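Each chain, written out:
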Amino acid sequence: MKEKTLVWLAAACSVVGVIVLCLSSVAARPKQVELNSVSQEAGKMVEVYGTIGEVRFSGEHVFVKLYGEDENWVEVPLFSRVRSGLGEFEVGDKMRVRGKAGTYKNKPQVVPSTASDVRIYRTSPVSPEFLDRYLGRFVKVQGKVRKVHQTASGKSLLLELENSGMVKVFVPFIPQATLEGAVRACGLVKEYKGELEIVVTCEAGLKPINA
Amino acid sequence: MLDLLIYCLLGIACGTFCGLLPGVHPNNMVPVAIGLMTALSLDPLCAVAFIVAMGISNIFISYIPSTFLGVPDEGTALSVLPAHRMVREGRGFQAVKLSTTGCLLGLMAGLAFLPLFLLFGKEFYGVLKNYVGLILIVIAALMILTEHSLSKKGWALLVFFLSGLLGLVSLSGRLCSGDAALIPIFTGLFGLSTLLIGLQSSKLPPQQDKNEEIKLNPKVLGVGGFIGAFMGMLPAVGPAQTTVVAQLATQSSTPEDFLVCVSEVNLLKVFYSFILLYLIGRARTGVAAAVQQLVEVDMITVFLMIGVSLFAAGIATLLVLRLGKSASSFIPRLPYKLFLTLITCWVVGLTVWFCGLVGLPILATATAIGLLPPKVGVKRVHCMGVLMLPVILGQF
């Protein structure tokens, strides 16, 4: 075999490699689906993208509710081996998840198998003055707790946070965290009696922050 | 698609870097690469493309330092003596071309055997995995019995056992980590011992630039590919042992055939380690273990890894031809003794870096054992007792 033949063979090998790579990458990359069609793709590998709306802890496992733009959601169970490979995240952060689509107790879910199947995009707290831009979306705000009102039922709270303006935060449960000093509230921006407020969706959505 | 190609190219660049630096292996880069990819939340398929491209291209490139500098790793160990001999005949580039051809055609032979491997590999593994110790004893016996005279058979046995004892002591993990100990072991047994013999001459001869034709033996390619594919799945059976079996099967004795066979088997060990992740779920190389950490390997991932391997192999071949030509014209111009002294300092430094001071007696002992075969006229393959004896004893 001459050197020239070897060069041609190497070039042909590279070209075939690119073709195989191209075909297999199309097949290997999971289909990107909207959150509302996850249950129709049961059993298939899919990729979804959304905003973290709820975070629930159960032992070493974490269950995340991922919301789309149109209030559809899917649950993403992050079992301990997946969770241990992930960094920090909280309500309001964006998440891209690749995993097996399915349903659990009639709820749509996407189950990632490794930490590399999950990509988190951290978001920053928004300023209260721009809250109107986020109506119907999940945001984070932080500020000093100025007032805490307990609602008539006694099962929920209304906080007033100050941070270059006041913002109302509705907490539909009695939180375990001490609400003194500065806190970060993550939740859905809603309008209530003509005023904007943030509705905290889960215990993890409200946490004290160090000054 | 474009991102995958970019990560393939990055992997090739990384594999080339590790391949050109004697004693540096992709396994040293894998923890850094995985850490970086996790921190960047990189698409796992891109990470797989990077690692496979790095592993495959490294095999091709590593034949340049092992040929011209005589510093091998486990895969290139057996190629050092015939390749360095060709360098001393002024045919260094031809040795590099033979190794590259062996790797490239080996990959193609490996692909040809892939359907057979996918069909019967699992059953084959199920049967053979219980007899690894026995298989290694048979290979060791065949290696020793192929020496011509009784005295040479005796020397071969001695070299095998001395190397084995070195392996038992240094790979136990008590002196330093087993993986780190491989650096002084292989550098000493196959590298420094070759370089010390080379120190007797003042300079390397000028390397021939003529376009020598590569003579290929189809029997070596075919049998090497088949044996390389199937024996790679056995734990502790490395390229060296597989080459011995392939050599015995083909009855070839020329250094050219040997270089083609050993490089083919070496490449197939890495390539099939990716396929084995799908077939038996076991990682047989460091780079395959890295892939296993990143994704669950299914049939589509196998095809993706085949694509990456072909692409990386093609590019690496072109790189080796270019870099090998430069090395063959550049290295003979260097002051040879000073150059060998620098290489020796480099490998001693690497040994201390990876193993600490305890690596130095390992390196010295391995070099002393490695000097024996050329002095008494037996094959250096018996030094592979360093890996074989500990595994054989571990099986019983």
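Just so it is clear, the structure is predicted and the values come from calculations on it, not from any experiment.

**Q** What exactly am I supposed to notice about the overall build of chain B here?
**A** The secondary structure content of chain B amounts to 18 helices and 0 strands. Pairs at least 24 apart in sequence give 82% of the contacts found in chain B among residues at least 6 apart. For chain B, the exposed surface amounts to about 14,900 Å²; the carbon and sulfur share of it is 69%.

**Q** Can you walk me through the pairing of strand 10 (residues 166-171) of chain A in this structure?
**A** Side chains on a regular strand alternate between the two faces of the sheet. Residues and elements named next belong to chain A. Burial of the side chains of strand 10 is restricted to one face: Val167, Val169 and Val171 are buried, whereas none of Met166, Lys168 and Phe170 on the reverse face is. As paired elements, strand 9 (residues 157-162) and strand 10 share 6 bridges and run antiparallel to each other. Following the sheet pairing, Leu161 is matched in strand 10 by Val167. If you look at the hairpin formed by strand 9 and strand 10, you'll find 3 residues sitting between the two strands, and Ser164 has a positive phi there, around 45 degrees. The pairing of strand 10 with strand 12 (residues 195-200) spans 3 bridges and is classified as parallel. Following the sheet pairing, Lys168 is matched in strand 12 by Glu197.

**Q** Just checking my understanding: could you explain the confidence of the model for chain A for this structure?
**A** Predicted coordinates in areas of low pLDDT are best not read in detail. Per-residue pLDDT for chain A averages 84, and the proportion of residues at 70 or more is 99%. By mean pLDDT, strand 9 of chain A is the weakest element of chain A at 77, and strand 4 (residues 73-78) of chain A is the strongest at 93.

**Q** What should I look at first to understand the pattern of salt bridges in this one?
**A** Where charged atoms of side chains with opposite charge meet at close range, the side chains can pair. Residue and element names in this part refer to chain A. A full pass over the atoms with the stated rule returns 17 salt bridges over all chains. A salt bridge links Glu90 to Lys140; the nearest nitrogen and oxygen atoms lie 3.0 Å apart. Placement of Glu90 in the loop between helix 2 (80-83) and strand 5 (94-104) and of Lys140 in strand 8 (residues 138-150) is noted, with a sequence separation of 50 residues between them. The burial state of Glu90 is the same as that of Lys140; both residues are buried. Across the pair Lys140 and Asp93 runs a salt bridge whose closest N-O atoms are separated by 2.5 Å. A residue pair is termed long-range when its members are at least 10 positions apart, and Lys140 in strand 8 and Asp93 in the loop between helix 2 and strand 5 qualify at 47 residues. Residues joined by salt bridges that share partners form a network here, namely Glu90, Asp93, Arg122, Lys140, Arg184 and Lys207.

The rules behind each value
- Residues numbered from 1 in each chain as written.
- Chains lettered and ligands numbered in written order.
- Predicted model: local features only at pLDDT ≥ 70, side-chain atom pairs only at ≥ 80, totals over all residues.
- Heavy atoms only, no water.
- Helix = DSSP H or I, 4+ residues; strand = E, 2+ residues; numbered from the N terminus.
- Contact = heavy atoms within 4.5 Å.
- Areas by Shrake-Rupley, 256 points an atom, 1.4 Å probe, with all protein chains shown as cover.
- Buried < 20%, exposed > 50% of the residue type's maximum accessible area, 1.4 Å probe, protein only.
- Pairing = 2+ DSSP bridges.
- pLDDT = per-residue confidence, 0-100.
- Salt bridge = Lys/Arg side-chain N within 4 Å of Asp/Glu carboxyl O.

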